[in-house]
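One letter stands for each residue in the lines below.
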Amino acid sequence: MKTTELPRWATALLLPVLNLTSALLVAALVIRLLGESPLESMTILVNSAIVNPEGLSYTLFYASTFIFTGLAVSIAMKAGLFNIGGEGQMYFGGLGLTLAMLFFDASLPAWLLIPAAIAGAALFGAMWACIPGYLQARRGSHVVVTTIMFNFIAASLMNFIIVKYLIPDGQQNPASRVFLDAGAMPRLNAWLPVLGDTPLNVSFLLAIVALAMYGVMVWRSLWGYQLRATGLNAHAAHYAGVSISRTIIVAMLVSGALAGLAAVNSVMGSTHYLSLNFPAGAGFVGIAIALMGRQHPVGIFLSAVLFGALIQGGFDLSLEKPNIPQETFIFIQGLIILFCGAMENFYGPAVLRLINLGRKG
Amino acid sequence: MFEDFHFASIVVSTIRNAPVLIFAALAGLFAERSGVIDLALEGKILASAFASAAVAYTTQNPWYGVAAGVAVSAALALLQGFVSITQKGNQLVAGIAINIAMSGLTFVLAQFFYQQGGRTPDLGQARLFDVVLPGTAAVANVPFLGWFYGHVIGGHAVLVYLAFALIPLVHWVIYHSRFGLRLRACGENPHAADAAGVNVAATRFMAMLIAGVLCSFAGAYLAIVQSGFFLRDMSAGAGYLALTALVFGNWRPLYTALGCVMFGFFSAVQIQMEGVDLPLVGRIPGSLIQMIPYVVTVIVLAGLMAKSVAPKALGTPFVKSR
């Protein structure tokens, strides 16, 4: 029998793989034009990001941040909202976390301090997403435009706050003071010495928990049902008694909180101080991850690891091949978003034709 | 207190800041009025800035640079059109993808060709120089008039005049030409336009092409007029700021251009206010002034000042009805 719809395995697995391959082929072409061998580069990348245990540890460290930003974009997408503001929300999450640290790191024990800081990160991230959510729900201002504005407002405001209030006396570097040891996320190398001196920390486990909770909340709870109904057809959901504006605001709050939590890994897991522009594009990587992982927990995890590997492997590759600087991977990231996000159905018609050819009539 | 605060130089630098935004915002206006969201302005500005700086440096001729910028930016706009119009993909995602990809690629290429940390060499003589109007020297010593004629009306690069000349031209094209009518129809109600015999896809592609060309001038202006070199991520959010001006100006050419001039004025003021003590408030940090355009636009978007209404079909791919 002929079919007009692609089977699930094709949309969930085959198309993403085809799209990813296309993006990597274009990247390989560019690397070839830069005078380097794509295959050799790929080998170096895989070796340093996956095979080597310390490298893998770094890959998972980066992935922990990306899982949170990817979840932030995904949950908003499930409600039909495109939250481009992950970058700003993560930045503000970092501020919430830092304020908790600066006030309490001398007085509270680690088991109280760390949850307090995590709560601060989530709260500030949610706060920064709250206004765009409210404006979308109640005033109809498009969340895409407002979250873009809020990214820029966050960048300027944080610049002001850090430079004016957080730089310790006598310092020039635009960053807060270093937190006391009680505020450091426990690193996993304490239990797994094979990881070496790498910053992989408990945030990774938190990210896994967040993935599982996301899966349960979105697909197995009433709230998740209302969320998805709103995203698929707001009018139908409204007719069925779902409060659209409430769902939108709550979705944005959760999305912002998740983006804010991404700061926990970067700040508490590694640097231990708040610095200017610390998100460094992680909020935008979240968009790529949500699109590539099709907002599914397993997909989000795999894409986050892929992007973590590109960053870690790309760093080592840039040391060996000066013609392939780290910025090459920003380009590749853009290609992946283009192929896996915007052109996700590029191969759809061809695959459908092949499947129908196989079925014969 | 006003001795550091030169009104005259604020006026001149406003005129010099505005063209980047005007070119980009008018580019976005064509795309968005036809129904395609143009988030890729930033990426196109950056790509065109790099291409024009690199070609102008290599050929030592700024006009070849401008031409290269036009070609690159138009090609990107057509790619964006292919994804958004032909493939019916997500237009927002296509825009973000192009921005991120160009931010990386321009650096990689600049590093590969020039090895100066993602910068192109100084253009030197290959920059576009300021036009000196005839008679500038004659009136130079006349108070006010000398300044006004020599620095406000005259003394800018050709692209500045082009930017300001485009404002009424775009207004005419959008509101008084046949193409403009069709363009707006495609952005408001593509099905009605289609029923009336307008080729929606072709109109949108045409709009994207115009957007690509206009946007390239923004990049070329940045690289070969304002700075005289290409620098990594030198667009620094200008594409998004232009989009902000577009939203602020309610997708109308005159108001949008007004927004661009206003935003150009803010950044001129910001540079002037750096380290100046004002009465009552003291020093206002530049980072807070930078926020003003975005905050004002959010307020406009919230409907608290004036209502900003996007073209109705903005962001939805057109699927011909049967």
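Participant: Tell me about the overall build of chain B, residues and numbers included.
Facilitator: When helices and strands are tallied, chain B shows 13 helices and 2 strands. Against the globule reference of 20 Å for 322 residues, chain B gives a C-alpha radius of gyration of 20 Å, in line with a compact fold. Counting only C-alpha atoms and orienting by the principal axes, one finds that chain B spans roughly 70 × 50 × 40 Å. For chain B, the residues scored as buried account for 50% of the 322 residues in total. Contacts in chain B between residues far apart in sequence, at least 24 positions, make up 76% of those at least 6 positions apart.

Participant: For the overall build of chain A, give the residues involved together with the corresponding values.
Facilitator: Along the backbone of chain A there are 14 helices and 0 strands. From first element to last, N terminus to C terminus, chain A shows the α and β order α-α-α-α-α-α-α-α-α-α-α-α-α-α. For chain A, whose C-alpha radius of gyration is 21 Å, the value lies close to the compact-globule estimate of 21 Å for 361 residues. With the principal axes as the frame, chain A shows a C-alpha extent of 75 × 60 × 35 Å. Each of the 361 residues in chain A was classed as buried or not, and the buried ones make up 53%.

Participant: Explain the packing of helix α2 (residues 41-59) of chain B against helix α3 (residues 62-86) of chain B to me, using residue names and the numbers behind them.
Facilitator: All names here are of chain B. Packing of α2 against α3 leaves a shortest axis separation of 7 Å and a crossing angle of 150 degrees. For the element pair α2 / α3, the angle class is roughly antiparallel. Crossing hand, α2 versus α3: right-handed. Residues Gly43, Lys44, Ala47, Ser48, Ala51, Ser52, Ala53, Val55, Ala56 and Thr59 of α2 lie in contact with α3, whose contacting residues are Pro62, Tyr64, Gly65, Val66, Ala68, Gly69, Val72, Ser73, Leu76 and Ala77.

Participant: Please provide a residue-by-residue account of the nonpolar core, values included.
Facilitator: Grouped together as the largest cluster of nonpolar side chains are 218 residues, with contacts concentrated most on Ile67(A), Ile337(A), Leu21(B), Phe23(B), Ala24(B), Ala53(B) and Ala242(B). Tallying contributions element by element places helix α10 (residues 200-227) of chain B first for this core, with 16 residues.

Participant: Give a description of helix α12 (residues 253-273) of chain B that names residues and reports values.
Facilitator: Along an α-helix, residues three or four apart share an orientation, since each turn contains 3.6 residues. All names here are of chain B. Its 21 residues give α12 an end-to-end C-alpha distance of 30 Å, which sits within 8% of 30 Å, the value for a rise of 1.5 Å per residue. The set of residues buried in α12 consists of Pro253, Thr256, Ala257, Gly259, Cys260, Phe263, Gly264, Ser267 and Ala268. Tucked inside the fold, the buried residues of α12 contact α1 (7-33), α7 (158-176), α11 (238-248) and α13 (286-301).

Participant: Give me the interface of chain A and chain B: which residues, what numbers.
Facilitator: At the junction of the two partners, chain A supplies 36 residues and chain B supplies 35 residues. Counting residues per element, the ones that place at least two in the side of chain A that touches chain B are α5 (110-139), α6 (143-166), α11 (282-292) and α13 (327-342) of chain A. Per-element tally for the side of chain A that touches chain B: the top contributor is α6(A), with 12 residues. The residue makeup of the side of chain A that touches chain B, split by class, is 23 nonpolar, 9 polar and 4 charged.

Participant: Can you lay out α2(B) for me, pointing to particular residues and giving the numbers?
Facilitator: The terminal C-alpha atoms of α2(B), which comprises 19 residues, lie 26 Å apart, in line with the 27 Å expected from a rise of 1.5 Å per residue. Among the residues trailing α2(B), Gln60(B) stands out with phi positive, at a value near 55 degrees.

Participant: A description of the environment of Phe339(A) should follow, citing residues and the corresponding values.
Facilitator: All names here are of chain A. Of note, Phe339 is situated in helix α13. Each C-alpha atom of the pair Phe339 and Ala237 lies 31 Å from the other, and the pair is 102 residues apart in sequence. Filtering out sequence-adjacent residues up to four positions away, Phe339 remains in contact with Asn19, Ser22 and Ala23.

Participant: Would you mind going over unusual backbone geometry in detail, with residue names and values included?
Facilitator: A positive phi angle, near 50 degrees, is found at Ala280(A), a position not held by glycine. With respect to the helices and strands, the residue Ala280(A) is situated in the loop between α10 (244-271) and α11. Look at Asp233(B): it is not a glycine, yet its phi comes out positive at around 50 degrees. By the secondary structure assignment, Asp233(B) is in the loop between α10 and α11.

Participant: So what about the packing of α11(A) against α13(A)? Which residues, and what values?
Facilitator: Residue and element names in this part refer to chain A. Interaxial distance between α11 and α13 falls to 9 Å at its minimum, and their mutual angle equals 35 degrees. The chirality of how α11 crosses α13 is left-handed. For the pair α11 and α13, contact is made by Val285, Ile287, Ala288, Leu291 and Met292 and by Gln333, Ile336, Ile337, Cys340 and Gly341, respectively. When its residues are assigned to classes, the contact of α11 with α13 shows 8 nonpolar, 2 polar and no charged.

Participant: Account for the environment of Glu54(A), naming residues and giving values.
Facilitator: All names here are of chain A. Within the secondary structure, Glu54 is located in helix α3 (residues 53-78). Between the alpha carbons of Glu54 and Leu200 there is a distance of 9.5 Å; along the sequence they are 146 residues apart. Discounting chain neighbours no more than four positions away, the residues touching Glu54 are Leu195, Gly196 and Thr198.

Participant: Could you give an account of the environment of Pro168(B), naming the residues involved and the relevant values?
Facilitator: Relative to the elements of secondary structure, Pro168(B) occurs in helix α7. Assessed through the 12 C-beta atoms surrounding it within 10 Å, Pro168(B) is described here as exposed.

Participant: Break down the confidence of the model for chain B for me, citing the residues and quoting the values.
Facilitator: Summary statistics for chain B give a mean pLDDT of 86 and a share of 94% for residues scoring 70 or more. The ipTM for the predicted assembly is 0.87, set against a pTM of 0.89.

What counts as what
Residues numbered from 1 in each chain as written. Chains lettered and ligands numbered in written order. Predicted model: local features only at pLDDT ≥ 70, side-chain atom pairs only at ≥ 80, totals over all residues. Helix = DSSP H or I, 4+ residues; strand = E, 2+ residues; numbered from the N terminus. Rg over C-alpha atoms; globule rule 2.2 N^0.38 Å. Buried ≥ 20, exposed ≤ 12 C-beta atoms within 10 Å, placed from the backbone. Contact = placed C-beta atoms within 7 Å. Axes fitted to C-alpha atoms, helices over the stretch in contact; angles between N-to-C directions. Parallel < 35°, antiparallel > 145°, perpendicular 65-115°, else oblique. Left-handed = near helix turned anticlockwise from the far one by under 90°. Core = buried A, V, L, I, M, F, W, Y, C linked by C-beta atoms within 7 Å. Expected span 1.5 Å × (residues − 1). Nonpolar A, V, L, I, M, F, W, Y, C, P; charged D, E, K, R; others polar. pLDDT = per-residue confidence, 0-100.

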